Amino acid sequence: MKQASAPPDHQRLLIIDFGSQVTQLIARRLRELNVYCEIHPYQKVTDAFLAAFSPGAVILSGGPASVIDQGSPRPPASVFALGVPVLGICYGQQVMMQMLGGTVERGGGNAEFGRAYVSATEQRMPLLEGWFESGREQVWMSHGDHVSAIAPGFEVYGTSPGAPYAIIGDAARNFFAVQFHPEVHHTPNGARLLENFVRLAGFTGDWTMGAYREEAIRKIRDQVGDAKVICGLSGGVDSSVAAVLIHEAIGDQLTCVFVDHGLLRQGEAEEVVTMFRDHYNMPLIHADEQELFLGELDGVSDPETKRKIIGKLFIDVFQKHAGDVGGAKFLAQGTLYPDVIESVSFSGGPSVTIKSHHNVGGLPEKMGLKLVEPLRELFKDEVRALGRELGLPASFIGRHPFPGPGLAIRCPGEITRQKLEILRQADAIYIDQIRKHGLYDEIWQAFVAILPVKTVGVMGDGRTYDYACALRAVTSIDGMTADYYPFSHDFLGETATRIINEVAGINRVTYDITSKPPGTIEWE
């Protein structure tokens, strides 16, 4: 978790970022263990930085580069002279070997992407306590290059078909390295490995969400002063937790603006407005801007263009209403870290842009309002934990994520009012089915996407030519990786029948079984 400075009484762990899309998951895993950590890009980690930071342990992240290439990212050599435990992950393993006397080769037949299985060698070490109890461990691999010879002092503790040195360590120096990603949810026992590592490093776990709440409130007050703030409220968990947190920090200086852009789910506008005016007792402006948004999106099919248009219009609306609250100087958003890492490189690091988000990549350079984003470095599960800390109802905290651009990114191709209405009806039936079968809390996110194609069907004795739709449901912890939910065929058949029978305009239903990666959760 990157902070400006850590309280002096907290133990510190340093994560050196080489640009992996999942670097922040390392921090999230460590925060689950109440370990204070900061992420810093490798370019900023100098000898002087290390001396000032004085970490109790160091983790070297993964990254997209190849250590074989000239000028590839490196940590300072002094990392290995600090006398503290060091863990290298994926690229971090390779760079550790390259710098300490091992050898790394290009992938060839040893590349691995996705699930793999690591088997134990005869060697044992404390880092692997609780591992290999059934003989092998499922892990998540994502590497092209591989270590072909380990550095002096290291031994092999685990192997996979594509990584003969999947787990290595130098127990005397407390240097450890793994080729897989223990931080992702789909390495089921990865959290235990990280827990073992911080325990070996002597961390006691003195960092809590309560401490984060207090620090966030202090930062909001310091940033805002006595100025007024408007908050872009979507009604989702993220913006709602941000609003409650900011309201706790500055009280009546905050006014929420709910933008009804015509891209919401069925009945959502009424639900959000009622909930915040009655339950949270916050000033709320209901901005009905359906004509504006749908007019600007008319005829637009490119997903990035959609996002940019929506982002610009959101800011235009917020700017318009800033004057209604006596000249607000700040705009608050519920931006999360997954939004940031998929839009821009975190902390100036070398990660690759995946897609822009309406509340990150779509912001104009000069928007007239300064941003307040207190959740910018949190993941969804952490936001929910913060929501519980703030006293939000459990039923609300557990709601599935809903994107800021709304149904626009669940409607590939051109957006029309007819397609949006069809989509709303189909989505409502799908979620109703999930709730009726008691599956809602098992699923991270579920929705319907209406596809930009029509298909021939038969209903009764007649021919139909209507839209196809795709059902999507995934399991995840943080939104950075995800797997499709394994519905029974009975459930899928029953749901498809309801949608086709009850929604005029759809005659074909499909189920999306793509994981993330290689896909994203949303279709656009």
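Keep in mind it's a predicted model, so treat the numbers as computed, not measured. As a convention, each chain's residues are numbered from 1 in the sequence order in which they are written. Owing to the predicted nature of the model, reporting of local features is limited to residues with pLDDT of at least 70; listing and counting of side-chain atom pairs is limited to 80 or more, with chain, interface and lining totals taken over all residues. Note: side-chain values were computed over all heavy atoms of the structure, leaving out hydrogens and water.

A. A look at the overall build of the protein. Strands here mean DSSP runs of E at least two residues long; helices mean DSSP runs of H or I at least four residues long; both are numbered from the N terminus. Within the protein, the regular secondary structure consists of 14 helices and 20 strands. Throughout, the radius of gyration refers to the C-alpha atoms, and the reference size of a globule is 2.2 Å times the residue count to the power 0.38. The globule rule puts the C-alpha radius of gyration for 524 residues at 24 Å, and the 25 Å found for the protein is close to it. In terms of principal-axis extent, the alpha carbons of the protein reach across some 70 × 65 × 40 Å. Exposed residues in this analysis have more than 50% of their type's maximum accessible area, buried residues have under 20%, and partly exposed residues fall in between, with area computed by a 1.4 Å probe over protein chains only. Here the protein, with 524 residues, has 60% of them falling under the buried criterion. For the protein, long-range pairs separated by at least 24 residues make up 76% of all intrachain contacts whose partners lie at least 6 apart in sequence. Taken as two groups, the 47 positive and 63 negative side-chain charges of the protein have centres that lie 2 Å from each other. Contacts are assigned to residue pairs that have any heavy atoms within 4.5 Å of one another. For this count, His and the chain ends are skipped, Lys and Arg are scored as positive, and Asp and Glu as negative. Every charge is mapped to an atom, namely NZ of Lys, CZ of Arg, CG of Asp or CD of Glu.

B. Quick look at the sheet that holds strand E14 (residues 284-288). Strand pairing is defined by DSSP finding a minimum of two bridges between the two strands. Reading across the sheet, the 5 strands line up as E14-E13-E12-E15-E16 and stay open at both edges, with parallel pairing between neighbours. For this open sheet the edge positions go to E14 and strand E16 (370-372), each flanked by a neighbour on one side alone. Going from strand to strand, the sheet's axes swing by 30° on average, the running direction of each strand aside. Pairing geometry for strand E12 (residues 229-233) and strand E13 (residues 254-260), over 5 bridges, is parallel. Directly across from cysteine 231, in E13, lies its bridge partner cysteine 256. Axis definition: a line fit to C-alpha positions, over the contact stretch in the case of helices; interaxial angles, taken between N-to-C directions, run 0 to 180 degrees. Each of E12, strand E15 (330-332) and E16 touches helix H5 (residues 209-224); the most contacted strand, E16, lies at about 165° to it.

C. Highlighting the packing of helix H13 (residues 417-436) against helix H14 (residues 489-502). Between H13 and H14, the shortest axis-to-axis distance is 10 Å and the interhelical angle comes to 145°. Remark: the crossing between H13 and H14 carries right-handed chirality. Contact residues: H13 offers Gln425, Ala426, Ile429, Tyr430, Asp432, Gln433, Ile434 and Lys436, while H14 offers Phe491, Glu494, Thr495, Arg498, Ile499 and Glu502. In the contact of H13 with H14, the residues fall into 6 nonpolar, 3 polar and 5 charged. The hand of a helix crossing depends on one turn: near helix anticlockwise from the far one by less than a right angle means left-handed, and clockwise means right-handed. When residue character is reported, Ala, Val, Leu, Ile, Met, Phe, Trp, Tyr, Cys and Pro are called nonpolar, Asp, Glu, Lys and Arg charged, and the others, Gly included, polar.

D. Broad picture of the pairing of strand E17 (residues 445-459). Sheet analysis places E17 next to strand E18 (residues 462-475), joined by 12 bridges and oriented antiparallel. Following the sheet pairing, phenylalanine 447 is matched in E18 by arginine 472. In textbook terms, the turn of a hairpin is the stretch between consecutive antiparallel strands, and for E17 and E18 this stretch comprises 2 residues, one of which, glycine 460, has a positive phi near 70°.

E. Geometry of H13. Expected helix span is taken as 1.5 Å per residue step, with the number of steps being one fewer than the number of residues. An ideal rise of 1.5 Å per residue puts 28 Å on 20 residues; H13 measures up with 29 Å between its terminal C-alpha atoms. Regarding H13, the residues found buried are Lys419, Leu420, Ile422, Leu423, Arg424, Ala426, Asp427, Ile429, Tyr430, Ile431, Gln433 and Ile434. Taken together, the buried residues of H13 touch helix H8 (290-297), E17, E18, H14 and strand E20 (506-511). Downstream of H13 by a residue or two, glycine 438 has a phi angle that is positive, lying close to 70°.

F. Expanded view of the pattern of salt bridges. Any Lys or Arg side-chain nitrogen located within 4 Å of an Asp or Glu carboxyl oxygen qualifies as a salt bridge. All chains considered together, the criterion is met by 27 salt bridges. One salt bridge connects arginine 410 with glutamate 522, and the closest N-O pair in it is separated by 2.8 Å. Taken together, the residues arginine 410 in the loop between helix H12 (394-397) and H13 and glutamate 522 in the segment after E20 connect sequence positions 112 residues apart. Each of the two residues, arginine 410 as well as glutamate 522, counts as buried. Here the residues in one salt-bridge network are Arg28, Arg29, Glu32 and Asp381, joined through shared partners.

G. Representation of H14 within the structure. Between its first and last C-alpha atoms H14 spans 20 Å; for 14 residues at 1.5 Å apiece the expected length is 20 Å, and the two agree. Taken together, the buried positions of H14 are occupied by Phe491, Leu492, Thr495, Ala496, Arg498 and Ile499. Looking straight down H14, one finds its buried side chains confined to an arc of 160°; they lie on one side. Exposed residues pointing more than 90 degrees away from the buried face of H14 are listed as His489, Asp490 and Asn501. Next to the buried residues of H14 lie H13, E18 and E20. It is the directions from the helix axis to the C-beta atoms that the arc portrays.

H. Structural view of the packing of aromatic side chains. Stacked, tilted and edge-to-face pairs are distinguished by plane angle, under 30 degrees for stacked and over 60 for edge-to-face with tilted covering the rest, among Phe, Tyr and Trp rings (Trp via its six-membered ring) whose centres lie within 6.5 Å. Counting across every chain of the model gives 14 aromatic pairs. Aromatic pair tyrosine 484 and tyrosine 511: ring centres 6.4 Å apart, planes at 80°, arrangement edge-to-face. Residue tyrosine 484 is located in strand E19 (residues 483-484), and its partner tyrosine 511 is located in strand E20; the two are separated by 27 residues in the primary sequence. Here tyrosine 484 falls in the partly exposed class, since its relative accessible area comes to 33%. Look at tyrosine 485 and phenylalanine 487: their rings are 4.9 Å apart centre to centre, the planes differ by 65°, and that puts the pair in the edge-to-face class. Comparing tyrosine 485 with phenylalanine 487, the two get one shared label, buried. Aromatic rings pair up to connect Tyr430, Tyr484, Tyr485, Phe487, Phe491 and Tyr511 into one cluster. We call a charge positioned above a ring when the Lys NZ or Arg CZ atom is no farther than 6 Å from the ring centre and deviates by at most 35 degrees from the ring normal. The side chain of arginine 136 reaches across the aromatic face of tyrosine 117, ending 3.9 Å from its centre. The side chain of lysine 454 reaches across the aromatic face of tyrosine 467, ending 5.0 Å from its centre.

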